[in-house]
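Listed below, chain by chain, are the residues.
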Amino acid sequence: MKEAELPSFNTLVAFEATIRNSSMTLAAEELGITQPLVSQRVRALEDLLGGVLINRSKKPLSPTPAGQKFYNDLQGPMSSILRATENVKSNLKETKTKISISAYFGFSFHWIMPRLQRLQQAFPDYLFEILPTNSLNDLVTSHADILFHFSTHVGRYQFEELIIPEVAFPVCSPEFAKKFGLKKGQSLTDLRNLPLLHKDVDDLRWLNWQRWSQVLGITPSDSPVSFRYNNYPLVVEAAINGHGLCLGWEGLTNPFIAEGKLIELGPRLKAANRGYQICSNYRSTYAIGNVIKWFINEAKQQ
């Protein structure tokens, strides 16, 4: 038999899933494709083989006699191919160098995740595990290969380097700014009458509106905090949706500002010796050392 006369594996998979589920719709959901594409592949298989394999006259779908025999004949080979595929994927996965990375949710979501594809492209033989947390204790006790702390000098690791100094400033959506008469780059002097978004106001690791306004001599809000978010990505999402002002951090909110989803206001509060520290006890190892260098270079380019 010539190669042109052989059915493609995709058509066989679509046919097998349709018969097993008695439905092209369920087969499509299982395969992660559309129902019309399943139908197209089954039809292509029938055209290639020269006969009808599925009785489409009533639901649930059922195979024709020829289709049932073909389905039965496929079971052994299909199972072997799928099993072999999973085995080789598992084996290749086991041979990859595994590197675990731990960081707070905000940094994981807004800084690491957008870079994951480039990181994997730079190190195709490495398997990366991201371990986000909101707990300082979890971060401190983590045995991750690379950690990102938000602090001054941590003093717990063989290697520590500040890669993103803390710079905090107000951000809001363009719609919110228009509603409250705020202009891009405008320095705020009074927070009263402005809806503020809060994250963990009692957590001393992070600046909150009260400490930010106190340091800069800005009139603080006189409204009590009635609601706060337990992780930073939720705060940013609320700001993007126009629910209020939130504090933005250099390195985390830059992409949203560049995309026009948020606008930066002022003033900026800078802390030269505080910010995101990259830490590790394994920098001397070849693999982890190279990844640390990659992250440091990424921070310099932002």
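Note: the structure precedes this text.
Engineer: Quick question: what am I supposed to make of the overall build of the protein chain here?
Structural biologist: Broken down by element type, the protein chain carries 12 helices and nine strands. Here the protein chain has a C-alpha radius of gyration of 28 Å; the compact-globule value for 302 residues is 19 Å, and the former is much larger. Principal-axis analysis of the C-alpha atoms places the extent of the protein chain at approximately 85 × 50 × 30 Å. With 302 residues in all, the protein chain has 43% of them scored as buried. Long-range pairs, those at least 24 residues apart, make up 76% of the contacts in the protein chain between residues at least 6 apart in sequence. Of the roughly 16700 Å² that the protein chain leaves accessible, carbon and sulfur atoms contribute 53%. The distance from the centre of the 32 positive side-chain charges to the centre of the 28 negative ones in the protein chain is 3 Å.

Engineer: Can you help me understand the nonpolar core in this one?
Structural biologist: Across soluble globular proteins, you tend to see nonpolar side chains buried next to one another. By size, the foremost hydrophobic cluster in this structure holds 67 residues, and its most contacted members are Trp 111, Ile 146, Phe 148 and Phe 295. Setting aside anything within four residues of it in sequence, one finds Ile 146 in contact with Ile 99, Ser 100, Ile 101, Ser 102, Ile 278, Cys 279, Ile 288, Val 291, Ile 292 and Phe 295.

Engineer: Could you clarify how one ought to interpret the environment of Gln 301 in this entry?
Structural biologist: Relative to the helices and strands, Gln 301 resides in helix H12 (residues 286-301). Of the residues examined, Gln 301 reaches a relative accessible area of 55% and is grouped as exposed. Sequence-wise, Gln 301 and Ile 33 are 268 residues apart; in three dimensions their C-alpha atoms are separated by 38 Å.

Engineer: Could you clarify how one ought to interpret helix H1 (residues 9-21) in this entry?
Structural biologist: Note on helix geometry: an α-helix contains 3.6 residues per turn, so any two residues three or four positions apart are oriented the same way. Helix length check: H1 (13 residues) gives 18 Å between terminal C-alpha atoms against 18 Å at 1.5 Å per residue, within 8%. Listing the buried residues of H1 in full gives Thr 11, Leu 12, Val 13, Ala 14, Phe 15, Glu 16, Ala 17, Thr 18 and Ile 19. Where H1 ends, the next residue or the one after it, Ser 22, has phi of about 55°, a positive value.

Engineer: Explain the packing of aromatic side chains here, please?
Structural biologist: Applying the stated rule across the entire model yields 16 aromatic pairs. Ring centres of Trp 111 and Phe 148 lie 6.1 Å apart, and the angle between their planes is 55°; on these two criteria the pair is classed as tilted. Placement of Trp 111 in helix H5 (residues 105-112) and of Phe 148 in strand S5 (residues 146-151) is noted, with a sequence separation of 37 residues between them. Each member of the pair, Trp 111 as well as Phe 148, carries the same accessibility label: buried. Every member of this aromatic cluster is reached through a ring pair, and the members are Phe 107, Trp 111, Phe 148, Phe 150, Tyr 276, Trp 294 and Phe 295. Residue placement shows Arg 115 over the ring face of Trp 111; its charged tip is 4.1 Å from the ring centre.

Engineer: Honestly, the pattern of salt bridges in this entry has me stumped. Any pointers?
Structural biologist: Side chains carrying opposite charge are able to pair once their charged atoms draw close together. Applying the stated criterion to the full structure yields 12 salt bridges. Put simply, Lys 69 and Asp 73 hold a salt bridge, and the shortest N to O gap is 3.2 Å. In this pair, Lys 69 and Asp 73 both sit in helix H4 (residues 65-95), four residues apart, roughly one turn of the helix. Exposure remark for Lys 69: the relative accessible area of 55% places this residue in the exposed category. Relative accessible area serves as the criterion here: at 47%, Asp 73 is assigned to the partly exposed category. We note a salt bridge from Glu 264 to Arg 268, for which the minimum N-O separation is 2.7 Å. The network of salt bridges with common partners includes Glu 16, Arg 20 and Glu 30.

Engineer: How do you make sense of the state of the cysteines when you look at a structure like this?
Structural biologist: Covalent bonding between the sulfur atoms of two cysteines is what defines a disulfide. Summed over all chains, the structure comprises zero disulfides. Cys 172 carries a free sulfur, and the closest cysteine sulfur to it, the one in Cys 246, is 8.9 Å from it. Residue class for Cys 172 comes out buried when judged on its relative accessible area of 0%.

Criteria and thresholds
Residues numbered from 1 in each chain as written. Predicted model: local features only at pLDDT ≥ 70, side-chain atom pairs only at ≥ 80, totals over all residues. Heavy atoms only, no water. Helix = DSSP H or I, 4+ residues; strand = E, 2+ residues; numbered from the N terminus. Rg over C-alpha atoms; globule rule 2.2 N^0.38 Å. Buried < 20%, exposed > 50% of the residue type's maximum accessible area, 1.4 Å probe, protein only. Contact = heavy atoms within 4.5 Å. Areas by Shrake-Rupley, 256 points an atom, 1.4 Å probe, with all protein chains shown as cover. Lys, Arg positive; Asp, Glu negative; His and termini not counted. Charge placed at Lys NZ, Arg CZ, Asp CG, Glu CD. Core = buried A, V, L, I, M, F, W, Y, C linked by side-chain atoms within 4.5 Å. Expected span 1.5 Å × (residues − 1). Phe/Tyr/Trp six-rings, centres within 6.5 Å; stacked < 30°, edge-to-face > 60°. Lys NZ or Arg CZ within 6 Å of the ring centre and 35° of its normal. Salt bridge = Lys/Arg side-chain N within 4 Å of Asp/Glu carboxyl O. Disulfide = S-S within 2.5 Å.

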